[in-house]
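# Reading the structure
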Amino acid sequence: MLDEDTLLLQDEVEFAFSVWLNNPDRIVGFPARSHFWDSNKSRWGYTSKWTNDYSMVLTAAAFVHRYYCHLYVTHLPAAIHNLVDKTSNCDDIAMNFLIAHVTKKAPIKVTQKKQYWDTSAQESTQRMVRWMNPGHFSQRQTCINMFSNMFGYMPLMRSQFRYDPVLFKDPVAMLKKKYRRLELL
């Protein structure tokens, strides 16, 4: 899955695909997010802070088995589809819930993408990018809580694991590295 406004290098796509080939039951991708329990509010929270801890990989740049796309369309409750359609948001969160529910495994984050950006922001400075809208973030928190209620539990699994190419950021001759351009980020 790749959103039309996501920019990736060919090396990034090839590396993520090679990781996914070895883990086809998982969602594998770049931008990661996390959920947490907010004890002050007694509800789940959502964060996009760049940490080593994550529980979701956004589908804006991710590999998933087509079987999960089939399950998404045919087996997710209508209430989840209605919420996603109504808000034009949270489809990626729903996919992470579904895959975690089926596999009981965390997603896999590949080499940190330090320059993940939305090209539509460059095309028009007058139009607000969807993820910059303050309502977008609160909708995602609402989705996490509604989805956990619909599933009857919180299926998302935390991870701190990240795949990097062999010799990534090592002082070895660049010619010996398979994914050379990843270090230029």
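You'll find the structure just up there.
For the structure given in this document, a descriptive report is provided here. In this convention, every chain numbers its residues from 1, walking through the sequence in written order. In keeping with the model being predicted, local features are shown solely for residues with a pLDDT of at least 70 and side-chain atom pairs are shown and tallied solely at 80 or more, while totals for entire chains, interfaces and linings include all residues. Hydrogens and water are ignored here; the side-chain numbers use all heavy atoms of the structure.

### Comments concerning the overall build of the protein chain
In plain terms, the rule: Secondary structure elements are defined from DSSP: runs of H or I of at least 4 residues count as helices, runs of E of at least 2 residues count as strands, and each element is numbered from the N terminus. For each residue, the accessible area found with a 1.4 Å probe, counting protein chains only, is set against the maximum for its type, and the residue is called buried under 20%, exposed over 50%, and partly exposed in between. In what follows, a contact means two residues having at least one pair of non-hydrogen atoms within 4.5 Å.
Across its full length, the protein chain holds six helices and seven strands. Reading the helices (α) and strands (β) of the protein chain from amino to carboxyl end gives α-β-β-β-β-β-α-α-α-β-α-α-β. Here the protein chain holds 185 residues, and 46% of them are scored as buried. A sequence separation of at least 24 residues applies to 77% of the contacts in the protein chain between residues at least 6 apart.

### Focus on the state of the cysteines
Put simply, the test is: The rule for a disulfide is simple: a pair of cysteine sulfur atoms within 2.5 Å.
Inspection of the entire model under this criterion finds one disulfide. Here C90 pairs with C143 through a disulfide, and the sulfurs are 2.1 Å apart. Every disulfide takes its handedness from the sign of the S-S torsion; for C90 and C143 that torsion is 85°, giving right-handed. Taken as a pair, C90 in the loop between α3 (78-87) and α4 (91-103) and C143 in helix α6 (residues 134-151) lie far apart in primary sequence, 53 residues in all. Both residues of the pair, C90 and C143, belong to the buried class.

### Regarding the pattern of salt bridges
When charged atoms on two side chains of opposite charge get close, those side chains can pair. Quick note on the threshold: One side-chain nitrogen of Lys or Arg within 4 Å of one carboxyl oxygen of Asp or Glu is enough to make a salt bridge.
What the rule picks out here adds up to three salt bridges. Here D25 ties to K105 by a salt bridge, and the two come within 2.6 Å at their closest N and O atoms. One end of the pair, D25, is in the loop between α1 (10-22) and β1 (28-29); the other, K105, is in the loop between α4 and β6 (108-110), and 80 residues separate them in sequence. With a closest N to O distance of 2.8 Å, R140 and D92 form a salt bridge. Taken together, the residues R140 in helix α6 and D92 in helix α4 connect sequence positions 48 residues apart.

### A short note on the sheet that holds strand β3 (residues 43-47)
Heads up, the condition is: Strands pair, by our definition, only if DSSP identifies at least two bridges between them. Fitted lines through C-alpha atoms give the axes, limited to the stretch in contact for helices. The angle between two N-to-C directions lies from 0 to 180 degrees.
With antiparallel pairing, three strands are arranged side by side in an open sheet as β3-β2-β4. Only two strands of the sheet have a single partner each, and these edge strands are β3 and β4 (56-57). Lying over the sheet, α6 contacts β2 (32-38), β3 and β4, oriented at roughly 135° with respect to β3.

### Let's talk about the sheet that holds β1
Taken in spatial order, the four strands make up an open sheet running β5-β1-β6-β7, and their pairing is mixed. Edge positions in the sheet fall to β5 (62-63) and β7 (162-163), since each of these pairs with one other strand and no more. Direction of pairing for β1 relative to β6: parallel, over a ladder of two bridges. Following the sheet pairing, V28 is matched in β6 by I108.

### Thoughts on the pairing of β3
Most of β3 is tucked away, with four of its five residues classed as buried. What sits between the antiparallel neighbours β2 and β3 is a turn of four residues, in which S42 has the positive phi angle 55°.

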